[in-house]
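Breakdown of the fold
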Amino acid sequence: MRSLYRRQLTMMVSIMLVSFTLLAGAFMLLSYRYIIGETRDSVERNAGYVSSFTSSYYRRYLSLEVQDEFYSSYVASIAMISGSHIIVADGTGKILYATAEGRFYDFQGSMLPENVVNQVLNEGSCNGMTNLGGIYPERRYMSALPVTNQVGPLTVTQGMVLVAADASNLSEMWSSTATIFFFSAVVVFLISVVASTLTSAYQTRPLNEMAEAARKFGQGEFDIRVTGYEDRCDEVSDLAEAFNSMANSLEKVESQRAEFIANVSHELKTPMTTIAGFAEGILDGTIPPGRERESLEIVVSETRRLSRLVRRMLDLSRLNALAESTITAQETFDLTEVMSQVLISLESKITGRQLDVDVKMPEGKLMVWGDPDAITQVCYNLLDNAAKFAAPGTAITVQITKKDGKAHTTIRNLGATIAPDELPLLFERFHKADYSRSMDREGVGLGLYIVKTILGNLKENITVTSEDGVTQFHFTLTLA
């Protein structure tokens, strides 16, 4: 498997190679054409000057006297200034005169190549790289033009002029330019490769660390975090932050799972141990016949407690499934009616503990949004909890008010004060405050957690306070 680092580096190097190749090809072509074009224009321009001057000389003297000082001086001056060779030939291609940078050469009896002569006579010019059939030992860039004059209605070709420039200078110039370009390209390419390597490593290092952390998560190490990328302020830092947030959530979920299993095991073990102990005592005769009924009543009580625990766990599972899939379906209902029905259902328990109920609710209906069955369970759990822990002879206060588009419900009782560090834990699964363990032997510590879960699914809030023996639960619902 190829790593992302190698893929990215290979892709960037390939792009640079293709870019430099295309750029080098374009540069070489353009520079070569520019240099050749400049030379061609210069040679053709000088050939035109000499051809025009030679034509004028023919018209004036009716013949070409190459030894004439005036003519030879003019041609030699152009050859010297332009640094090129100039050849003057007659109409058949026989060389009459040749000069190079002010020095004269004798090509007596030499003939220009037939193809050059024919092209000049037929097409009016000839251009290109050539050694003129061996006249020059090396190839030169040559431009040839005819020497013509008008004789009556006819145009007569009286000779031809060739101007040849040394192509070695062109090659050297082009080679020097190409060398500079390639040297610069190699340096830039090496710098780009180093920069790409560092950049790729810089980008892939946090990904490798996250992959390693993920592998450790799979092995159960949930304390691993990706650090050192907080100040990057880019996508990698966002990914690292999201990764650490996920790690925190996984660690919390794993902790809750372990705690949940431990609590469930403990809660199931206690009644089952009691049931098994009394049943074995009855069977083996350890418990005398006179105490069998009392023991059976304890077994029935623990069996009912075990049933309540299982039922609460099923309710909890159902609520968690709703929270994971979708928000609980909502409808409008009368909150005062729901609260009244719950108070009626708990009347015997409230009366049995010699408690009074102080109800402060609006007259008439108070319509709110929510799940009426779920809110009924919320009210039942809170009122049952208040009745269970209220001091005998005191009063339970139930108050419902409207404010800022919300129905605010408060359930208050007078009893033992809950310690401040215990308050945040009341809504945890299986949590029972120390003071309540001797008072609430039937509870399993899921009632308030279910209340919190139901209201959380409805996007509502619940709070609890406990001061000077007054414990108060307060939750909200949205008015319809």
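Refer to the structure above for everything that follows.
Calculation notes
- Residues numbered from 1 in each chain as written.
- Predicted model: local features only at pLDDT ≥ 70, side-chain atom pairs only at ≥ 80, totals over all residues.
- Heavy atoms only, no water.
- Helix = DSSP H or I, 4+ residues; strand = E, 2+ residues; numbered from the N terminus.
- Buried < 20%, exposed > 50% of the residue type's maximum accessible area, 1.4 Å probe, protein only.
- Contact = heavy atoms within 4.5 Å.
- Areas by Shrake-Rupley, 256 points an atom, 1.4 Å probe, with all protein chains shown as cover.
- Pairing = 2+ DSSP bridges.
- Axes fitted to C-alpha atoms, helices over the stretch in contact; angles between N-to-C directions.
- Expected span 1.5 Å × (residues − 1).
- Arc of directions from axis to C-beta.
- Phe/Tyr/Trp six-rings, centres within 6.5 Å; stacked < 30°, edge-to-face > 60°.
- Lys NZ or Arg CZ within 6 Å of the ring centre and 35° of its normal.
- Left-handed = near helix turned anticlockwise from the far one by under 90°.
- Salt bridge = Lys/Arg side-chain N within 4 Å of Asp/Glu carboxyl O.

Looking now at the overall build of the chain. Check the secondary structure of the chain and you find 10 helices and 13 strands. Across the 480 residues in the chain, those meeting the buried criterion constitute 38%. Partitioning the contacts of the chain with sequence separation of at least 6, the portion at a separation of at least 24 is 64%. Of the roughly 27500 Å² that the chain leaves accessible, carbon and sulfur atoms contribute 56%.

Let's shift gears to the pairing of strand 1 (residues 85–90). Counting buried residues along strand 1, six of its six residues qualify, which places the element largely inside the surrounding structure. Here six bridges tie strand 1 to strand 6 (residues 154–166), and the two strands are oriented antiparallel to one another. Opposite Ala89, over in strand 6, you have Met160 as the bridge partner.

In spatial order, the strands read 8-10-11-13-12; together these five strands make up an open sheet with mixed pairing. Each having just a single partner strand, strand 8 (356–360) and strand 12 (462–467) make up the two edges of the open sheet. Averaged over all pairs of adjacent strands, the angle between strand axes in this sheet comes to 15 degrees, irrespective of strand direction. The pairing of strand 12 with strand 13 (residues 470–478) spans six bridges and is antiparallel. Bridged to Ile462 within strand 13 is Phe475. Against the sheet, helix 10 (residues 447–457) contacts strand 12 and strand 13, and its axis sits at roughly 25 degrees relative to strand 13.

In this model, helix 2 (residues 69–82) (14 residues) spans 20 Å end to end at C-alpha, consistent with the 20 Å of a helix rising 1.5 Å per residue. Buried within helix 2 are the following residues: Tyr71, Ser72, Val75, Ala76, Ile78 and Ala79. Down the axis of helix 2, the buried side of the element spans an arc of 155 degrees, and every buried residue falls inside it. Opposite the buried face of helix 2, at more than 90 degrees from it, the exposed residues are Glu69, Phe70, Met80 and Ile81. Looking at the residues trailing helix 2, positive phi occurs at Gly83, about 65 degrees.

Our focus in this paragraph is the packing of aromatic side chains. Taken as a whole and judged by the stated rule, the model has six aromatic pairs. Between the aromatic rings of Tyr57 and Tyr71, the centroid separation amounts to 5.3 Å while the plane-to-plane angle is 55 degrees, which identifies the pairing as tilted. Taken as a pair, Tyr57 in helix 1 (residues 4–61) and Tyr71 in helix 2 lie far apart in primary sequence, 14 residues in all. Taken as a pair, Tyr57 and Tyr71 share a single burial class, namely buried. Residues Phe427 and Phe473 carry aromatic rings whose centres are separated by 6.3 Å and whose planes lie at 90 degrees to one another, so their mutual orientation is edge-to-face. Taken together, the residues span a long stretch of sequence, with Phe427 in the loop between strand 11 (406–414) and helix 10 and Phe473 in strand 13 at a distance of 46 residues. Exposure remark for Phe427: the relative accessible area of 11% places this residue in the buried category. Residue classification places Phe473 among the buried residues on the basis of a relative accessible area of 4%. Every member of this aromatic cluster is reached through a ring pair, and the members are Phe53, Tyr57, Phe70, Tyr71, Tyr74 and Tyr97. Lying across the ring of Tyr136, Arg140 places its NZ or CZ 5.0 Å from the centre. Positioned above the aromatic ring of Phe427, the side-chain terminus of Lys452 is 5.7 Å from the ring centre.

Further remarks concern helix 3 (residues 114–123). Here helix 3 has its buried residues at Val116, Val117 and Val120. For helix 3, the arc enclosing every buried residue in end-on projection is 100 degrees, short of the 170-degree limit, so these residues lie on one face. Exposed side of helix 3, more than 90 degrees from the buried face: Glu114, Asn115, Asn122 and Glu123 are the residues found there.

Where helix 9 (residues 372–389) contacts helix 10, the axes come no closer than 9 Å and their chain directions differ by 145 degrees. Note on packing geometry: the crossing formed by helix 9 with helix 10 is left-handed. Contact with helix 9, carried on its side by Ala374, Ile375, Gln377, Val378, Asn381, Leu382 and Asn385, involves Gly447, Leu448, Ile450, Val451, Ile454 and Leu455 of helix 10 and no other residues of that element.

Attention now goes to the pattern of salt bridges. Once their charged atoms are close, side chains differing in charge can pair, the charge on each being opposite to the other. Taken as a whole and assessed by the stated rule, the structure comprises seven salt bridges. A salt bridge links Arg293 to Glu297, with the nearest nitrogen and oxygen atoms 3.7 Å apart. Of this pair, Arg293 and Glu297 are both found in helix 6 (residues 292–325), four residues apart, which corresponds to roughly one turn of the helix. Of the residues examined, Glu297 reaches a relative accessible area of 47% and is grouped as partly exposed. For Lys388, the salt bridge is made with Asp384, and the minimal N-O distance between the two is 3.6 Å. Linking Lys388 with Asp384, this pair stays in helix 9, spanning four residues, or about one helical turn. Given a relative accessible area of 18%, Lys388 falls into the buried group. Note on Asp384: relative accessible area 14%, which makes it buried. Through salt bridges with shared partners, one network takes in Lys349, Asp384 and Lys388.

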